[in-house]
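Chain and residue survey
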Amino acid sequence: MTMKLGSIFVALGATALVTACSSSPTPFEALDGKANAMADRLLELDITPVESMPEGGTATFNGFIGIGSGTLEELEALGEDELPEGAVIGELTLVATFADGFVDGTASNFLGENSEAFGGELDIVQDVVEFEPAEFEGTIDGTLTNGGDEYLVDLDSFGIFLGLADGQPEGLAGFADGTIQENALEPELAVGVFIAEIE
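Just so it is clear, the model here is predicted, and its values are computed rather than measured.

Some words on unusual backbone geometry
Backbone geometry places Asp166, a non-glycine residue, at a positive phi of 55°. As for its placement among the helices and strands, Asp166 is situated in the loop between strand E6 (149-162) and strand E7 (171-182). For Asn183, which is not a glycine, the phi torsion comes out positive at approximately 50°. Mapped onto the secondary structure, Asn183 falls in the loop between E7 and strand E8 (188-198). Since its relative accessible area comes to 36%, Asn183 is described here as partly exposed.

Quick look at the structure:
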């Protein structure tokens, strides 16, 4: 699964949304660079062993999410310097409540490829069944806005916990697919990836 996620990030850019380095990066490139570095670090880790998952308490994970048009298969087929149509990248915060087997949070502060800002936020609800194995699935949905346009995001998601330090996973990563509906137009297929490290 880690290899699968790695290939997806290389395609979309959280290491996927990869952009060329420059001495004066745009806001989009700067945000992408941070996501890129986090993904490079975390995707080298093993999946958190089931027997090592905490049985109680909570942990907060901060990171990034990238979303664009298309399917997971189309995403993986993109070259390193290619972006899916309508690509945006944002920041996310997730809280894992280990005793309840639940991960939830929000994503906001989205930027488009030309560094245009998107308002609104997405709700992320990941329902984990006893953390066995150390993975979760759920939904990512909400409305983003830009220039008077609204984008209704409706994604199903899957993720894994990564690493182990001081009795806690060091991070998490996952992917999502579903639809984005611009204004009242027909919904279009959409795909996303996310990465986050423990606070």
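Past the structure itself, the notes keep going.
Details of the pattern of salt bridges
The full count for this structure, using the stated rule, is 1 salt bridge. One salt bridge connects Arg41 with Glu197, and the closest N-O pair in it is separated by 2.7 Å. Of this pair, Arg41 sits in helix H2 (residues 27-42) while Glu197 sits in strand E8, and the two are 156 residues apart along the sequence. Overall, Glu197 belongs to the partly exposed group, its relative accessible area being 27%.

Thoughts on the nonpolar core
If you look at the biggest cluster of nonpolar residues, it comprises 30 residues, and the most contacted ones within it are Ile67, Phe110 and Phe161. Of all elements in the fold, only strand E1 (58-69), strand E2 (88-97), strand E3 (102-112), strand E4 (117-127), strand E5 (135-146), E6, E7 and E8 reach the threshold of two or more residues within this core. Among the nonpolar cores identified, the runner-up in size contains 20 residues, and Phe28, Leu42, Phe64 and Ile195 belong to it.

Conventions used here
Residues numbered from 1 in each chain as written. Predicted model: local features only at pLDDT ≥ 70, side-chain atom pairs only at ≥ 80, totals over all residues. Heavy atoms only, no water. Helix = DSSP H or I, 4+ residues; strand = E, 2+ residues; numbered from the N terminus. Buried < 20%, exposed > 50% of the residue type's maximum accessible area, 1.4 Å probe, protein only. Salt bridge = Lys/Arg side-chain N within 4 Å of Asp/Glu carboxyl O. Core = buried A, V, L, I, M, F, W, Y, C linked by side-chain atoms within 4.5 Å.

These figures capture arrangement, not role.
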